[in-house]
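Inside the fold
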Amino acid sequence: MPATPEHRRLAEDAAREAHWKRWGPYLSERQWGTVREDYSDDGAAWDHLPHDHARSRAYRWGEDGLLGFCDSGARLCFAPALWNGRDGILKERLYGLTNPEGNHGEDVKEEYFYLRSTPTHSYAKALYRYPQAQYPYTELVGENLRRSEAEREFELADTGVFDGGRYFEVTAEYAKASPNSILIQISAANRGDQPAPLHLLPQLWFRNTWSWGDVDEGTKPSIRQDRDHRLALDHPELGRFYFEVDPDAEPDGFLFTENETNTRRLTGEPNARPFVKDAFHHFVLHGDRDAVNPEATGTKAAALFRLEIAPGETRTVRLRLYAEDEAPASFHPFGETFAARVAEHDAFYADELPGDPAGEDRDIALQSYAGLLWTKQFYHYVVRD
């Protein structure tokens, strides 16, 4: 076997010497509406959990998020959330038409691209295009319902929201310093010709395993702020992790809530706790400070960045997620680690790709591998339960 660093990581993982594949892009981009979360009497999964409920309902069997990362059991999840100042909801997951809504069945209505990944996800990169105009949810549903099966699908670009480059290209990159130490870089580029606002919320949360009796209240995971730029995360199986924002960055603070269903919104019944899954939606869009926990603790947390991005400008946020026993000596050298993982990615595929392709052929091959590896997502379904 060629002795590139990525080949060595694969060998160490196979020999169980180091669990390099414990963390990866295993987080689904759209979990809502699946049979796993259908508890209806008639088995109509899409009706039981529509997209409008997704931000407010805690899932049991999986999680979802944009271009996210999680452990191999989707116990601790990370993904950025976005708001352009115009949408009616935070952009936290991919939007798609349900099977009855699409003129060709179920259909995702987004533009996103998996760009790079090594097999151990020591380096991974993906891109999402977020319109600066209000997202046309109603138009997409209405036009596709109107069209017959014989007509082409009505896509997001057909609505005109990308005209004139009026969108952000949001890129998520991950680089592993060690098996349980992950560097995260989120970049947002304004492709339009006018300044545009963007709220960026790098989010962390624990999959809810406590509301259905999988764990007792005494072992419920927790997230709390322990330093100005750092969160401490405790999980009964994963142990202690830390989430750190670049000390040179200036976020507008951390937000905290619980990853629990907002039953008051969905069914009119009182909430079990005052802080619920969609708290950040209410805080960011409606300025509701009572929605988030002032005690700076919970099972879901986010750093908040309010950005104003000039035409052609790219703004970047750097973060780290690491196990307590794999803590870095300091936040930096961040750039050096990223550069090393990118170089190792290139060296690995230089050995693996036949014919040493270059230019567009190489990009196609690398994106093809990335597509296979980024879609290696967590799927959990226990029929008995």
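Along each chain, numbering runs from 1 in the same order as the chain's sequence is written. With pLDDT at 70 or above as the cut-off, local features in this predicted model cover only qualifying residues; side-chain atom pairs require 80 or more to be listed or tallied, and sums for whole chains, interfaces and linings still use all residues. No hydrogens and no water enter the side-chain calculation; it runs on all heavy atoms of the structure.

Brief notes about the pattern of salt bridges
Let me state the cut-off plainly: Between Lys or Arg on one side and Asp or Glu on the other, a salt bridge is scored when a side-chain nitrogen of the former is within 4 Å of a carboxyl oxygen of the latter. Buried means the residue's accessible area, taken with a 1.4 Å probe over protein chains only, is under 20% of the maximum for its type, while exposed means over 50%, and partly exposed covers the values in between.
Under the criterion given, the structure shown has 28 salt bridges. Between Glu 143 and Arg 147 there is a salt bridge, and its shortest N-O distance comes to 2.8 Å. Residue Glu 143 is classed as buried on the basis of its relative accessible area of 18%. Ionic contacts of the salt-bridge type, sharing partners, join the residues Glu 6, Arg 9, Arg 341 and Glu 344 into one network.

Section: the sheet that holds strand S13 (residues 239–245)
How we decide: Here a strand pair is declared whenever DSSP counts at least two bridges between the two strands. Runs of E in the DSSP output that reach at least two residues are strands. Runs of H or I that reach at least four are helices, and both are numbered from the N terminus. By definition in these notes, contact holds between two residues if any of their heavy atoms fall within 4.5 Å. In this analysis, axes come from line fits to C-alpha atoms, helices being fitted only over the stretch in contact, and the angle between any two N-to-C directions falls in the range 0 to 180 degrees.
Reading across the sheet, the nine strands line up as S6-S7-S8-S9-S18-S13-S12-S11-S15 and stay open at both edges, with antiparallel pairing between neighbours. Both outer strands of the open sheet, strand S6 (112–117) and strand S15 (297–298), are each paired with one neighbouring strand and no more. In terms of strand pairing, S13 meets strand S18 (residues 314–323) through five bridges, oriented antiparallel. Paired with Glu 244 across the strands is Arg 320, a residue of S18. Helix H8 (residues 359–374) contacts S6, strand S7 (123–131) and strand S8 (167–178) of the sheet and is inclined by roughly 100° relative to S6.

A short note on the layout of surface pockets
Put simply, the rule reads: Both cavities and pockets are sets of points on a 1 Å grid over the protein atoms alone; in a cavity a 1.4 Å probe fits but cannot get out, in a pocket the set is open with protein on both sides within 12 Å along at least five of seven lines, and lining residues sit with an atom within 4 Å of a point. Grid points are joined across faces, edges and corners, and a volume is the space filled by probe spheres set on the points. Note that Gly is not counted as nonpolar here; it falls among the polar residues with everything else outside the nonpolar set of Ala, Val, Leu, Ile, Met, Phe, Trp, Tyr, Cys and Pro and the charged set of Asp, Glu, Lys and Arg.
Of the pockets and cavities examined, the largest pocket occupies roughly 310 Å³. In terms of lining residues, the largest pocket is bounded by 19 residues, among which Pro 50, His 51, Asp 52, Tyr 95 and Tyr 137 are the most central. Looking at the lining of the largest pocket, the elements that each hand over two or more residues are helix H2 (45–48), helix H3 (51–54) and helix H4 (137–146). Residues of the lining of the largest pocket, tallied by class, amount to nine nonpolar, three polar and seven charged.

Some words on the packing of helix H1 (residues 5–14) against helix H7 (residues 334–352)
Threshold: Throughout this description, any angle smaller than 35 degrees is read as roughly parallel, any larger than 145 degrees as roughly antiparallel, any in the 65 to 115 degree range as roughly perpendicular, and the remainder as oblique.
Contact geometry of H1 with H7 gives a least axis separation of 7 Å together with a crossing angle of 85°. The angle between H1 and H7 places the two elements in the roughly perpendicular class. Taking contact as the criterion, the partners of Pro 5, Glu 6, His 7, Arg 9 and Leu 10 in H1 are, on H7, Arg 341, Glu 344, Phe 348, Asp 351 and Glu 352.

A short note on the nonpolar core
Note the following rule: Put simply, buried Ala, Val, Leu, Ile, Met, Phe, Trp, Tyr and Cys residues joined by side-chain atoms within 4.5 Å make one nonpolar core.
Counting residues in each nonpolar core, the largest one holds 61 residues, and the members touching the most others are Tyr 174, Leu 201, Leu 233, Phe 243 and Leu 321. Of the residues forming this core, the biggest block, six residues, is contributed by strand S10 (residues 196–206). With residues up to four places along the chain from it excluded, the contact list for Leu 233 reads Leu 76, Leu 204, Phe 206, Ser 222, Ile 223, Gly 239, Arg 240, Phe 241, Tyr 242, Phe 243 and Leu 321. Counting residues in hydrophobic clusters, the runner-up holds twelve residues, among them Leu 97, Tyr 137, Leu 156 and Val 161.

Digging into H1
Formally: What the arc covers is the set of directions going from the helix axis to the C-beta atoms.
Glu 6, His 7, Arg 9 and Asp 13 are the residues of H1 that are buried. The buried residues of H1 occupy one face: seen down the axis, they fall within an arc of 160°. Tucked inside the fold, the buried residues of H1 contact H7. Where H1 terminates, the next one or two residues include Arg 16, which has phi positive at roughly 60°.

Overview of the state of the cysteines
Inclusion rule: By definition, disulfides here are pairs of cysteine sulfur atoms that lie within 2.5 Å.
Using the criterion set out here, one finds zero disulfides in the structure. Cys 77 supplies the cysteine sulfur nearest to Cys 70, a cysteine that is in no disulfide, at a spacing of 4.8 Å. For Cys 77, a relative accessible area of 1% corresponds to the buried category.

Digging into empty space enclosed by the protein
What the rule picks out here adds up to three cavities of 30 Å³ or more. Taken as a whole, the largest cavity holds about 90 Å³ of empty space. Lining the largest cavity are 13 residues, with Asp 64, Glu 92, Arg 93, Gln 203 and Trp 205 sitting closest to its centre. Contributing elements (two or more residues each) for the lining of the largest cavity: strand S3 (76–83) and S10. Here the residues of the lining of the largest cavity sort into four nonpolar, three polar and six charged.

Points about the packing of aromatic side chains
Test applied: Any two rings among Phe, Tyr and Trp, with Trp reduced to its six-membered ring, count as a pair given centres within 6.5 Å; such a pair is stacked if its planes are under 30 degrees apart, edge-to-face if over 60, and tilted if neither. Only lysine NZ and arginine CZ atoms are considered, and such an atom sits over a ring when it is within 6 Å of the ring centre and within 35 degrees of the ring normal.
A complete count under the given rule lists 19 aromatic pairs for this structure. Here Tyr 174 and Trp 374 contribute two aromatic rings whose centre-to-centre distance is 6.4 Å and whose plane-to-plane angle is 55°, an arrangement assigned as tilted. Remark: Trp 374 occurs in helix H8 and Tyr 174 occurs in strand S8; sequence separation between them is 200 residues. Ring centres of Tyr 349 and Tyr 369 lie 5.2 Å apart, and the angle between their planes is 40°; on these two criteria the pair is classed as tilted. Of this pair, Tyr 349 sits in helix H7 while Tyr 369 sits in helix H8, placing them 20 residues apart in sequence. Of the residues examined, Tyr 369 reaches a relative accessible area of 33% and is grouped as partly exposed. An aromatic cluster of three or more residues is present, and its members are Phe 69, Phe 78, Tyr 112, Tyr 114, Tyr 174, Phe 243 and Trp 374. For Lys 277, the ring lying beneath its charged end belongs to Tyr 59, and the centroid distance is 3.8 Å.

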